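A closer look at the structure
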Amino acid sequence: MKKVYLETYGCQMNVSDSERVATALGRDGFEMTADAASADVVLINTCSVREKAEQKLYTQVGRIRHSERPKPIIGVLGCVAQLEGETLLNKIPGVDFVVGTRAVGRVGGILNRAFDGESDIVDLGEREDEYDWTVADTHRHSPYVAFLPIIEGCNKFCTYCIVPFSRGREKSLAASEIIRQILELKRRGVKEIHLIGQNVNSYRPESETGLEGFEGKSAFSRLLRAVAATGIDRIKFTTSFPRDFNEDIVEAIETHPNLCNWVHLPVQSGSDRVLKLMKRGHTIDRYRKQIDRLRASSRDIALTTDIIVGFPGETEADFMDTVDLVKHCGFDSAYIFKYSPRPGTPAYEMEDTVSFAEKTLRFLELEKVQKACQEKRLRRYDGKVLEVLAEGASARTPRGITGHSPCHKVVNFVADSSLLGSIVNVKVTEVKANSMFGEVV
Ligand code: SF4
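Residues numbered from 1 in each chain as written. Predicted model: local features only at pLDDT ≥ 70, side-chain atom pairs only at ≥ 80, totals over all residues. Heavy atoms only, no water.

**Things to note about helix α9 (residues 247–255)**
Every buried residue of α9 is listed here: D248, I249, V250, A252 and I253. Looking at the buried residues of α9, the elements they touch are α8 (219–228), β11 (234–238), β12 (262–264) and α11 (284–295). (Buried < 20%, exposed > 50% of the residue type's maximum accessible area, 1.4 Å probe, protein only. Helix = DSSP H or I, 4+ residues; strand = E, 2+ residues; numbered from the N terminus. Contact = heavy atoms within 4.5 Å.)

Following this line, the structure appears as structure tokens:
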């Protein structure tokens, strides 16, 4: 049996793709291994949204090529593969094949061709009509938590983002298939489902099958209610797009306790002028109203966001609008990025007006403001009891277990490993910068 080592960079969608690739390769007679050094094949599933992840690809292939052992077959999958295609074969010596984001179901066949001596294989084609979305238990990143892509691709074309080019246009998975998979995962002991996609709330299936009888203005809120009705313990969803985020989603969360009280709503900038340059299609006034509605909810909803500082044309005044917005929203956490131009995006052609030093200053200032908000938000949990899904061993505490609360906070506690996979009541006794510690009650 040929051994395959698969390394994944990037977002949950990439993790989810890798789970499917591993499942398909297992079916095709390959053995997955965690040891790159003994593998016959090294696959790298890449991300192109951040420059760093792309850089890792070059370093990793170089390292493999220059190691002592015979060179394994090397394949590049995912976003960088989709965008660069054949040019990757010339750019990175040692790469034997390149497979795009929608062709990952064919990796097994491509590997067989590579073992038969074929080289320089490129497949950037579309998914097979009968693409199998299921994941074998052994290849899920957790036995208790499952990622389920409900929509792929993006139609939004924000000017800084490569995703619409690397993952193509939005395509929603049929609701009946989502429900079928969740019921199956529940039967297998999965406690928490993450409905994932670049913009989950833009979910628009071709037919209403599976959503009949469920309330809600948008197909996504009807899907949330349909998924809640499966009775699975917890449902989380990410990422939401502000323009498509309507009150019916909040109402669904308020009605169904198994819809978790966490919303990730990327704002990117606090300035309408910059949002226009980014072509985000939402305004700050509307975003604030959405946040106010979420904050007023009876469910105590945790809010997280993404922000880019130093976008081309961002002035000091625009940046201060972002600072004000962060103070107003009091996010539970925020992923803050310094803008870096990505080739192939419209923003790449814009003049990068903010110097790297200025971007760093803005990043540090915003991080300081956000940290203060985060600390305040986390301190609210001190002494409270949270329901934590015991997911795995904690590296931070001896005999410790780590898991997440419904509001997606990391909680560590000491307990017997027999509790793994259970939802445990944990009283928070200590709050740190990014996580909490507690004891089972
Ligand atoms: S919504 Fe914008 S940032 Fe998000 S994936 Fe689509 S284009 Fe990229």
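There's plenty left to go through after this.
**Here's the deal with the packing of helix α12 (residues 316–329) against helix α13 (residues 356–379)**
Contact geometry of α12 with α13 gives a least axis separation of 9 Å together with a crossing angle of 15°. Between α12 and α13, the angle is such that the two are roughly parallel. By crossing handedness, the relation of α12 to α13 is classed as right-handed. Between α12 and α13, the contacting residues are E316, F319, M320, T322, V323, V326 and K327 on the first element and E358, R362, E365, L366, V369, Q370 and C373 on the second. Residue composition of the contact of α12 with α13, by class: 7 nonpolar, 2 polar and 5 charged. (Axes fitted to C-alpha atoms, helices over the stretch in contact; angles between N-to-C directions. Parallel < 35°, antiparallel > 145°, perpendicular 65-115°, else oblique. Left-handed = near helix turned anticlockwise from the far one by under 90°. Nonpolar A, V, L, I, M, F, W, Y, C, P; charged D, E, K, R; others polar.)

**A short note on the nonpolar core**
Counting 67 residues, the largest nonpolar core has I178 and L195 as the members making the most contacts within it. Looking at this core element by element, the count peaks at 7 residues for α8. Both of domain 2 (147–243) and domain 3 (261–380) provide at least three residues apiece to this core. Excluding residues that lie within four positions of it along the chain, L195 makes contacts with L148, I150, I178, I182, V200, L224, V227, I235, K236, F237 and T238. By size, the runner-up hydrophobic cluster in this structure holds 18 residues, among which are V21, F30, I73 and V104. (Core = buried A, V, L, I, M, F, W, Y, C linked by side-chain atoms within 4.5 Å. Domains from an automatic or database assignment.)

**Focus: the sheet that holds strand β3 (residues 41–46)**
One open sheet holds the 6 strands; their spatial order is β2-β1-β3-β4-β5-β6, and the pairing between them is parallel. In this open sheet, the two edge strands, each paired with only one partner strand, are β2 (31–33) and β6 (121–123). Taking the axes of each pair of neighbouring strands and ignoring which way they run, one obtains an average angle of 25° across the sheet. Bridge analysis of β3 against strand β4 (residues 73–78) gives 6 bridges, and the strand direction is parallel. Looking at the pairing, N45 lines up with L77 of β4. (Pairing = 2+ DSSP bridges.)

**Here we look at the pattern of salt bridges**
One pass over the structure, following the stated rule, counts 32 salt bridges. Linking R188 and E184 is a salt bridge whose minimum nitrogen-to-oxygen distance equals 2.8 Å. A relative accessible area of 42% places R188 in the partly exposed class. Look at E184 and you get partly exposed, because its relative accessible area is 26%. In this structure, the salt-bridge partner of R295 is D332, at a minimum N-O distance of 3.8 Å. Here the residue R295 occupies a position in helix α11, and D332 occupies one in the loop between α12 and β14 (333–338), the gap between them amounting to 37 residues. (Salt bridge = Lys/Arg side-chain N within 4 Å of Asp/Glu carboxyl O.)

**Here's the deal with the packing of aromatic side chains**
The full count for this structure, using the stated rule, is 4 aromatic pairs. Measuring from centroid to centroid gives 6.3 Å for Y160 and F311, while their planes differ by 80°, and the two rings are edge-to-face. In this pair, Y160 is assigned in the loop between β8 (151–152) and α6 (163–166) and F311 in the loop between β13 (302–309) and α12, connecting sequence segments 151 residues apart. A relative accessible area of 13% means that Y160 is categorised as buried. Residues F311 and Y339 carry aromatic rings whose centres are separated by 5.2 Å and whose planes lie at 70° to one another, so their mutual orientation is edge-to-face. (Phe/Tyr/Trp six-rings, centres within 6.5 Å; stacked < 30°, edge-to-face > 60°.)

**Some words on the domain arrangement of the protein chain**
Domain annotation for the protein chain reports domain 1 (3–123), domain 2 (147–243), domain 3 (261–380) and domain 4 (385–440). Put simply, the middle of domain 1 and the middle of domain 2, counted by C-alpha atoms, are 27 Å apart. Roughly 1,300 Å² of surface becomes buried between domain 1 and domain 2 when both sides are summed, with 58% attributable to carbon and sulfur atoms. Applying the counting criterion to the domain 1 and domain 2 interface returns 1 salt bridge. Two residues, R167 and D17, come together in a salt bridge whose shortest N-O distance is 3.0 Å. (Buried area = accessible area lost by both parts, 1.4 Å probe.)

**Here we look at the site of the ligand**
Around the ligand, the structure places C154, K156, F157, C158, Y160, C161, V163, P164, Q198, N199, F241 and R280. Grouping the amino acids of the shell around the ligand by side-chain chemistry returns 8 nonpolar, 2 polar and 2 charged. (Near = heavy atom within 4 Å.)

**Re the packing of α8 against α9**
It is at 9 Å that the axes of α8 and α9 come closest, and there the two elements cross at 10°. The angle between the axes of α8 and α9 places the two elements in the roughly parallel class. Taken together, the residues of α9 that come into contact with α8 (itself represented by F220, S221, L224 and R225) are D248, I249, E251, A252 and T255. For the contact of α8 with α9, the class distribution of residues is 4 nonpolar, 2 polar and 3 charged.

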